[in-house]
Amino acid sequence: METKTKIRWSEYNKEIADNKFFYLRSCIRQNFNPGAEKVFLSILQNKLRKEVYDDPHHTTCSGIGYHSDIVPFETFQSMVARQFSLMTERGYKNCAVSCITSFGGYNEVLSTWKEFPEELEKTRENLLKATGRTFEIPENLSHACDIIYHFRKEIATQARYRLINKETGEPLKIVDHIGCHYAKIFPEKGVGGSEYSRVLTGMIEAWGGEAVDYPERRHCCGFGFRHYLVKNNRSYSISNSRKKFESMKPYQPDMILTNCPGCNMFLDRWQYALAQIEGKVYGGENGIPVLSHEELAGLVLGYDPWKDIGLQMHQIDVEPLLNKIGVEYDPKQKFTGVRGQYINEPEFTGCLAKQD
Amino acid sequence: MYSDLNQRLKADVRLEEGLQACMNCGICTAICPAAEFYEYDPRSIAITVQSGNEEKIAALLQSDTIWYCGQCMSCKTRCPRNNCPGLIISVLRKLSQETGAFIKSRMGRQQYLIVKTIGANLLQFGYCVHPTSLVPATHPEQGPVWRWIYENMQEVYASVGANLDGDGPGALRKISDKDLDELHQIFEVSGGLKLYQTIEYFSQRKAIELGLTDPNGEADMEKYTQYLLNE
Ligand code: SF4
Ligand code: SF4
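For clarity, every value in this text was computed on a predicted model and none was experimentally measured.

### Quick look at the sheet that holds strand β4 (residues 140–143) of chain A
All names here are of chain A. Here 4 strands make up an open sheet; going across it, the order is β2-β1-β3-β4 and the pairing parallel. Lying at the two open borders of the sheet, with one neighbouring strand each, are β2 (52–54) and β4. For this sheet the average axis-to-axis angle between neighbouring strands, irrespective of direction, equals 30 degrees. Bridge count between strand β1 (residues 21–24) and β2: 3 bridges; the pairing is parallel.

This is the structure:
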């Protein structure tokens, strides 16, 4: 694996394609926050007027299986090659990747093929034999957060809201959490590298908020693959998230901004679980809202929090954040179905059940 | 069973990528979240593999130790020698499963649970995770909002514009039989299915060794699963 030593990582920029993206979805994002992917596509197509293709034939990259060691590297390489084959078939050269595990995995595979051409040859043979497919290597591979970062200023120009507390006029205080596989494996694949990541803070600042640093900013959320997947080991996951919450608590953040589908879900759910275990709430009214880059971009652009972005799928209520920004929304629409009819609602939302 | 371990480790290109020349500095251990949580030291993993001591490597393959890593790859960023202990771990885990050494440790045995969940999802749905596989009773940490989503699955996903089990593109669309068939073929040709079968084979042997059998003396994998969950 090659890693370039940059003198000033904090100023480092990576190459991000401008247009014509082949979209690769995330298993975790589709399950937990499908609205984030929908709003990402809409922002690209309807606000930024870019071409992006959502191919029904692409599947999991099997990255979670790979990092939990049930999928061999050879299989993972062939799965990645199949995604590239679909991209090639549709005439695209730029991948837009929704998932951080996939993003790290694609980069690992591309780096391996560069250093060990025989692995690329073996993968070509495997894919051809298994599916009859061939493929080209993408010219550009960007994570969805890279693309939002790249167009953050255009988004700011079109924004309906700014990340400013409408009562006090102060910028909202936002902490970020970068998924480990975004840049820890290949720092040169991330905006600002791994240690000085600007990919999320750049958005926060462009949209009027204040990016707040905190000591454990770079610490893992604790997913740990096998550590969350196997129930017996979940204490590993929750302990790591707890370490992060303890570290950000003194700064009283208005929200947590993430770029990884898994981290986004864990930082949301573990606040609830910790409150149930310890009786402790780490911030906000009943927990700190956790939003991804797509969700936050959607909010500032004026998309509907429920129907367009699907923020009702978060355990931690986002309303305190919406109210601070001054987002117009209909609270009665939160738990409604396709035709706006009330479904029913969760036993409770946030960290702790409200006492009447 | 445990012969030529060095050679077998070196046959994996990832070892070359993950281990160049470890100088035993311990920076990886200082940054490692697993080292903070478990009795785990990525520095000693790098040193042991670098030493080539077959006995010590065999001991590692049979230990809980190699299963403690959380694969965050924080070690890669900080290592002054550009090593990646997390990647060395991936190579060790693969060999541990191929040789059957994984069933000798509690953490290693858990691989069976992952094959039966994530492994099955991959080939059945074409996704690592599917909402129907996230049953609230076994995922209490997912909380009341997930329970609400789960119990009103069709309506909630439709209301946020997902295409759950539908045709065409979109979130959680049904992966067609033809595409699933391509996945199966990839797993067949590139060794994915073989790894599933290897994990299952050794797990069955362990179940028999533990006396977790049916009336015919065959491994009872339901009982084995319960055993693993309570181990
Ligand atoms: S940081 Fe690198 S050189 Fe130092 S002990 Fe770890 S693997 Fe070895
Ligand atoms: S990848 Fe594994 S060894 Fe490396 S820092 Fe993360 S948990 Fe530690």
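Next comes the rest of the write-up.
### Focus: the site of ligand 2
Around ligand 2 there are 13 residues in total, and B:Cys32, B:Cys69, B:Cys72, B:Met73 and B:Cys75 lie nearest to it. Of the residues contributing to the shell around ligand 2, the split by class is 9 nonpolar, 4 polar and no charged.

### A word on the domain arrangement of chain A
All names here are of chain A. For chain A, the domain assignment lists domain 1 (17–144) and domain 2 (148–333). Between the C-alpha centres of domain 1 and domain 2 there is a distance of 25 Å. In this assembly, 33 residues from domain 1 lie in contact with 35 residues from domain 2. Across the interface of domain 1 and domain 2, roughly 3,100 Å² is buried in total on both sides, 67% from carbon and sulfur atoms. Put simply, domain 1 and domain 2 have 1 salt bridge between them. A salt bridge links glutamate 294 to arginine 29; the nearest nitrogen and oxygen atoms lie 3.0 Å apart. Mapped onto the side of domain 1 that touches domain 2, the elements with two or more residues apiece are α1 (27–32), α2 (34–47), α3 (63–67) and α5 (100–115). At 9 residues, α2 tops the list of elements feeding residues into the side of domain 1 that touches domain 2. Here the residues of the side of domain 1 that touches domain 2 are counted per class, giving 14 nonpolar, 13 polar and 6 charged.

Rules used in this analysis
Residues numbered from 1 in each chain as written. Chains lettered and ligands numbered in written order. Predicted model: local features only at pLDDT ≥ 70, side-chain atom pairs only at ≥ 80, totals over all residues. Heavy atoms only, no water. Pairing = 2+ DSSP bridges. Helix = DSSP H or I, 4+ residues; strand = E, 2+ residues; numbered from the N terminus. Axes fitted to C-alpha atoms, helices over the stretch in contact; angles between N-to-C directions. Near = heavy atom within 4 Å. Nonpolar A, V, L, I, M, F, W, Y, C, P; charged D, E, K, R; others polar. Domains from an automatic or database assignment. Contact = heavy atoms within 4.5 Å. Buried area = accessible area lost by both parts, 1.4 Å probe. Salt bridge = Lys/Arg side-chain N within 4 Å of Asp/Glu carboxyl O.

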